[in-house]
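Analysis of the macromolecular model
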Amino acid sequence: MIVMKFGGTSVGDTAAILRLVDIVKQRQPEKPVVVVSAMSKATDQLLAMAKAAGEGDRKTALKLSRTLRERHYNTAGELLGTALFTQFHGDLGIDFEALDELLRGIAAVGELTPRTTDHVAAYGEMLSSKIVTAALSAHGVPSTLVDSRDCIVTDSAHMRAAPLFTETNERLTKNLQPLLDKSSVPVMGGFIGATKTGVTTTIGRGGSDYSAAIVGAGLNAERIEIWTDVDGMMTTDPNLIPEARRIKVISFDEAAELAYFGAKVLHPATVLPAIQKNIPVYVLNSRNAACEGTRIAARAPHCKNFFKAIAVKKRITIVDVAAPRMLLAHGFLRAIFEAFDRHQVPVDVVSTSEVSVSLTVDSNEAIPALAADLAKLADVKYEGRKAIVCLVGENLRETPGIAARVFGELSDVKIRMISQGASEINLTFVIEEDAVPGVVQRLHKAFFSELDSAVFA
Ligand code: ADP
Ligand code: ASP
Ligand code: MG
């Protein structure tokens, strides 16, 4: 069997879902399990309505819900035709009534907890998986809707729940294998799961890729296909640099590093369950299904280029923590990291000197409170509008002089932090956000003008 995951844009409207139907049809003999994201932007909209309701703004919440309802009705209507849609309409209606009921409840209490947020957010994938199942069946592909909450068992860390693999694998086999045996395509929503006692959870933004990997690993898939809106993993974000080229094959480690540092084409954790079982993952374009995409393999072949790709993560804040020299005692770093932990702010890049530490974090609302807390330990400054640029490639391990080449290209650029070595395959630095387009353009030109044809398309 194989797992085929379709992201938000690949189920975003009628045309996209019809493309999905064609793609799945071609793979039917390989026994696919289909995992879908919510329709593009639906999760953002659901979170916006939850937030409005939490602030007591019932009107806005229900208005947003109405817009989402219409989009789903319209898409389902176009996909199913009048006769089938009449039946299906009622089914969708029940979900939207329940969603509105939930929003009214949240607004009445005026409080939004992570647990209720998950209840609201889960509607995106619940609805898209229903529509996709109906569309597949209506277009001649026998398919069955599987509620992910019956299969993906997680802990109760709402909004970033972790799967419990033993229980999940058992449930996946029990619920999906009989469908595969009778050649019905199981369709599941990504991103959602439930605790052992059945409370709805979600596994983190962008988590449908992870769901696909969990399903693939649980059922020992021959491969996992991540269908998205670009030709595969590219040498850099094609929306930033149109000259970006497709990477034909990349190692698990490189792909994970790229994902971590901003190449959102793949969720970082995706690679984990797949690595452990040596299952190949492909990134493919649902708008250009004939393209071979990118294969993510345990080991990448030797590559003549220094790097595989450049990732960029914007909206970064640098936090500088400087201790008076005499106070720099043992335990200082621990105290700093404990403060980040207390405020639940994850750190990406760290650099230290005798008296100070600089750290980067995603810009967010928790920073002022964190800074106030850190100020009890030392002098603190923080500055937003920064970006992390990360060059990734396994050749970094062995080739001397690469850093000199990179920074030689950028001799006039103000570089705020540099880090290399943690994984041995990335060279990472922090610049002003405004400088991103120019810097990436120059690096791309310098390192990707001539490409090893065994690795790049
Ligand atoms: P999906 O909705 O299918 O999960 P995402 O929006 O999460 O899709 O990821 C696809 C997007 O990732 C692309 O549209 C592209 O803008 C972005 N992206 C960033 N870096 C890269 C890269 N190196 N290669 C390909 N896509 C990238
Ligand atoms: N719909 C979820 C999100 O937007 C999960 C996903 O698309 O992967 O974060
Ligand atoms: Mg994604």
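Preceding this section is the structure that the text describes.
Quick look at the structure, then. Predicted model only: the values in this text are computed from it and were never measured. Within each chain, residue numbers correspond to sequence positions counted from 1 in written order. Each chain gets a letter, beginning with A, and each ligand a number, beginning with 1, in the order they are written. It should be noted that, the model being predicted, local features are given only for residues of pLDDT at least 70 and side-chain atom pairs only at 80 or more, the latter also being counted only at that level, while totals for whole chains, interfaces and linings use all residues. Water and hydrogen atoms play no part in the side-chain values, which are based on all heavy atoms of the structure.

Quick word on the nonpolar core
We apply this condition: To form a nonpolar core, buried Ala, Val, Leu, Ile, Met, Phe, Trp, Tyr and Cys residues must be joined to one another through side-chain atoms within 4.5 Å. Classification of residues uses two cut-offs on accessible area relative to the type maximum, computed with a 1.4 Å probe and protein chains only: under 20% is buried, over 50% is exposed, and between them is partly exposed. The contact rule is simple, with two residues in contact once any of their heavy atoms fall within 4.5 Å.
Counting 74 residues, the largest nonpolar core has V215, I296, V406, F429 and L443 as its most contacted members. Once residues lying within four places of it in the same chain are set aside, the contact partners of I296 are M233, I250, S251, F252, A255, L266, V271, P280, V281 and V283. Of all hydrophobic cores here, the second largest spans 52 residues; its members include M4, V24, L68 and W227.

Examining the site of ligand 1
The condition that has to hold: Throughout this document, a residue counts as near a molecule or strand when at least one of its heavy atoms sits within 4 Å of that molecule or strand. Pairs of N or O atoms within 3.5 Å make up the polar contacts considered here, provided that, within protein, one atom can donate a hydrogen while the other can accept it, and that residues adjacent in sequence are counted only when both atoms are side-chain atoms. Residue exposure ignores everything except the shown protein chains as possible cover, and the areas themselves are Shrake-Rupley values with a 1.4 Å probe. Three classes are used: nonpolar for Ala, Val, Leu, Ile, Met, Phe, Trp, Tyr, Cys and Pro, charged for Asp, Glu, Lys and Arg, and polar for all others, with Gly counted as polar.
In the neighbourhood of ligand 1, 17 residues make up the surrounding shell, with T228, D229, M234, D237 and N239 lying closest. Here T228 contributes a side-chain N or O atom positioned 2.8 Å from an oxygen atom of ligand 1. Summarising the interface, the protein chains cover 87% of the accessible area of ligand 1, which totals 570 Å² for the free molecule. Per-class residue counts for the shell around ligand 1 are seven nonpolar, six polar and four charged.

A closer look at the site of ligand 2
The full set of residues close to ligand 2 is S37, A38, T43, E125, F191, R205, G206, G207 and S208. In the model, a nitrogen atom of ligand 2 is placed 2.7 Å from a nitrogen or oxygen of the E125 side chain. Calculation on ligand 2 without its partners gives an accessible area of 260 Å², and the protein chains cover 85% of this total. Classifying every residue of the shell around ligand 2 by side-chain character gives two nonpolar, five polar and two charged.

As for helix α12 (residues 402-409)
An α-helical segment advances 3.6 residues per turn. Residues three or four places apart therefore align on the same side. The test is simple: Secondary structure elements follow DSSP: runs of H or I no shorter than four residues count as helices, runs of E no shorter than two count as strands, and numbering proceeds from the N terminus. Taken from the helix axis, the directions to the C-beta atoms give the arc we talk about.
Taken residue by residue, α12 has I402, V406 and F407 as its buried positions. Taken down its axis, α12 places every buried residue within 120 degrees of arc, on the same side. Close packing links the buried residues of α12 with β15 (379-392), β16 (417-420), β17 (426-432) and α13 (436-448).

Quick word on the side chain of S143
Checked against the element boundaries, S143 lands in strand β3 (residues 143-146). Its relative accessible area of 12% is what places S143 among the buried residues. Within the structure, the side chain of S143 is placed 3.0 Å from the backbone oxygen of T133, a separation counted as a polar contact. Side chain to side chain, S143 and S137 meet in a polar contact 2.9 Å long. For S143, the contacting residues outside a window of four places in its chain are T133, L136, S137, S184, V185 and V187.

Thoughts on a nonpolar patch on the surface
The criterion, for reference: Only residues whose relative accessible area exceeds 30% and that form no salt bridge are eligible for patches; like-charged ones are grouped when within 9 Å, while nonpolar side chains (Val, Leu, Ile, Met, Phe, Trp, Tyr) are grouped when within 5 Å. Basic side-chain nitrogens of Lys or Arg form a salt bridge, by our definition, when they fall within 4 Å of a carboxyl oxygen of Asp or Glu.
Taken together, the side chains of L333, F337 and V350 make up a nonpolar region of the molecular surface, amounting to roughly 220 Å² of accessible area. When its relative accessible area of 34% is taken as the criterion, F337 is described as partly exposed.

Some details on the packing of aromatic side chains
What counts is decided by this rule: Each pair of aromatic rings taken from Phe, Tyr and Trp, with Trp reduced to its six-membered ring, is defined by centres within 6.5 Å and is described as stacked if the planes are under 30 degrees apart, edge-to-face if over 60, and tilted in the remaining cases.
The full count for this structure, using the stated rule, is nine aromatic pairs. Plain terms: the ring middles of F6 and W227 are 5.9 Å apart, the flat faces sit at 10 degrees to each other, and that makes the pair stacked. Placement of the pair is F6 in strand β1 (residues 2-6) and W227 in strand β8 (residues 223-228), with a sequence separation of 221 residues. Consider the rings of F448 and F456, whose centres lie 6.0 Å apart with planes at 75 degrees: the pair is edge-to-face.

A few points about the pattern of salt bridges
Side chains that carry opposite charge are capable of pairing whenever their charged atoms lie near each other. In total, this model carries 25 salt bridges according to the counting rule given. Close ionic contact of D209 with K5 constitutes a salt bridge, the shortest N to O distance being 2.6 Å. Placement of the pair is D209 in helix α7 (residues 208-218) and K5 in strand β1, with a sequence separation of 204 residues. Here D209 matches K5 in class, with each residue buried. A salt bridge links R223 to E30; the nearest nitrogen and oxygen atoms lie 2.9 Å apart. Here R223 is found in strand β8, whereas its partner E30 is found in the loop between α1 (14-27) and β2 (32-36), with 193 residues between them in sequence. Each of the salt bridges in this network shares a partner with another, and the network as a whole consists of D320, E383, K386, K414, R416 and E432.

Points about the sheet that holds β2
Counted only if it meets this: Being paired, for any two strands, means DSSP has found at least two bridges between them. Structural elements are reduced to axes, namely lines fitted to C-alpha atoms, with helices fitted over the stretch in contact, and the angle between N-to-C directions of any two is expressed from 0 to 180 degrees.
Read across the open sheet, the eight strands follow the order β3-β5-β2-β1-β8-β10-β11-β9; overall the sheet is mixed. For this open sheet the edge positions go to β3 and β9 (249-251), each flanked by a neighbour on one side alone. Between one strand and the next, the sheet's axes are offset by a mean angle of 20 degrees, whatever the strand orientation. In terms of strand pairing, β2 meets strand β5 (residues 185-189) through three bridges, oriented parallel. Pairing of V34 across the sheet is with V187, part of β5. Those strands touched by α1 are β1, β2, β5, β8 and β10 (281-285), and its axis lies near 175 degrees from that of β1.

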